[in-house]
Amino acid sequence: MNNKVEILLVEDNPHDAELTIRALKRINLANSLIHVEDGSEALDFIFANGAFADRQVENRPRVILLDIKMPKIDGIEVLRQIKSNDTTKTIPVVIMTSSKEEQDIITSYNLGVNSYVVKPVDFEGFAKAVSELGLYWLITNQAAR
């Protein structure tokens, strides 16, 4: 697995993952997307451990779409580890969650999240939000390398 990864989607809800991927495919931004289902898998991917040990760690995602409420390791801990590591701290991380809890928002920004988005409930709103995020982070934004 040495291919370039544009988007790392960290989402345990299969329905939300499918909607996200479908919305990104609609605007041709899902070609270089990797989907993992929990925080442990996300950290293994990011730091090239476990099942992803053969991945070239230099091929960092251009953006990470990260859910908060997940099994094993939650999104807050994943964010903490990404932003506290010199090699990965410049990767843009967008929290995409259904949590509107003020403490989650404050903690995420204190840890260095680049954006915090509450998932819209309806499909069209969800698809629009994902499309706008994808276009911004992959097309408009100038990423640090």
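First, a word on scope: everything that follows refers to the structure included in this document. (Residues numbered from 1 in each chain as written. Predicted model: local features only at pLDDT ≥ 70, side-chain atom pairs only at ≥ 80, totals over all residues. Heavy atoms only, no water.)

For the rest of this paragraph, the subject is the overall build of the protein chain. For the protein chain, the count of helices and strands is five helices and five strands. In terms of C-alpha radius of gyration, the protein chain reaches 14 Å, essentially the compact-globule figure of 15 Å for 145 residues. The proportion of buried residues among the 145 residues of the protein chain is 50%. Roughly 7,400 Å² of accessible area belongs to the protein chain as shown, and the carbon and sulfur atoms make up 48% of that amount. (Helix = DSSP H or I, 4+ residues; strand = E, 2+ residues; numbered from the N terminus. Rg over C-alpha atoms; globule rule 2.2 N^0.38 Å. Buried < 20%, exposed > 50% of the residue type's maximum accessible area, 1.4 Å probe, protein only. Areas by Shrake-Rupley, 256 points an atom, 1.4 Å probe, with all protein chains shown as cover.)

Every buried residue belonging to helix H4 (residues 102-111) is among Asp104, Thr107 and Ser108, and all of these are buried. Down the axis of H4, the buried set is contained in an arc of 100°. They therefore lie on one face. Every exposed residue of H4 that faces more than 90 degrees away from the buried side is listed here: Glu102 and Asn110. The inward-facing, buried residues of H4 abut helix H3 (75-83), strand S4 (93-97) and strand S5 (115-118). Looking one or two places after H4, you find Gly112, whose phi comes out positive at around 105°. (Arc of directions from axis to C-beta. Contact = heavy atoms within 4.5 Å.)

Bringing unusual backbone geometry into the picture now. Backbone geometry places Ala48, a non-glycine residue, at a positive phi of 55°. Of note, Ala48 is situated in the loop between helix H2 (39-46) and strand S3 (63-66). Of note, the phi angle at Lys72 is positive, near 65°, even though the residue is not glycine. Relative to the helices and strands, Lys72 is located in the loop between S3 and H3. The class of Lys72 is exposed, set by a relative accessible area of 72%.

Let's shift gears to the sheet that holds S3. Strands pair in a sheet through their backbones, by hydrogen bonds, and they do so in one of two ways: parallel or antiparallel. Pairing within the open sheet is parallel, and its five strands lie in the order S2-S1-S3-S4-S5. What marks the edges here is a single partner per strand, and that holds for strand S2 (33-36) and S5. Each adjacent strand pair in this sheet contributes to an overall mean axis angle of 15°, direction not counted. Strand direction decides the pairing type here: strand S1 (residues 7-10) and S3, joined by four bridges, are parallel. Considered in S3, the bridge of Ile7 is made with Val63. (Pairing = 2+ DSSP bridges. Axes fitted to C-alpha atoms, helices over the stretch in contact; angles between N-to-C directions.)

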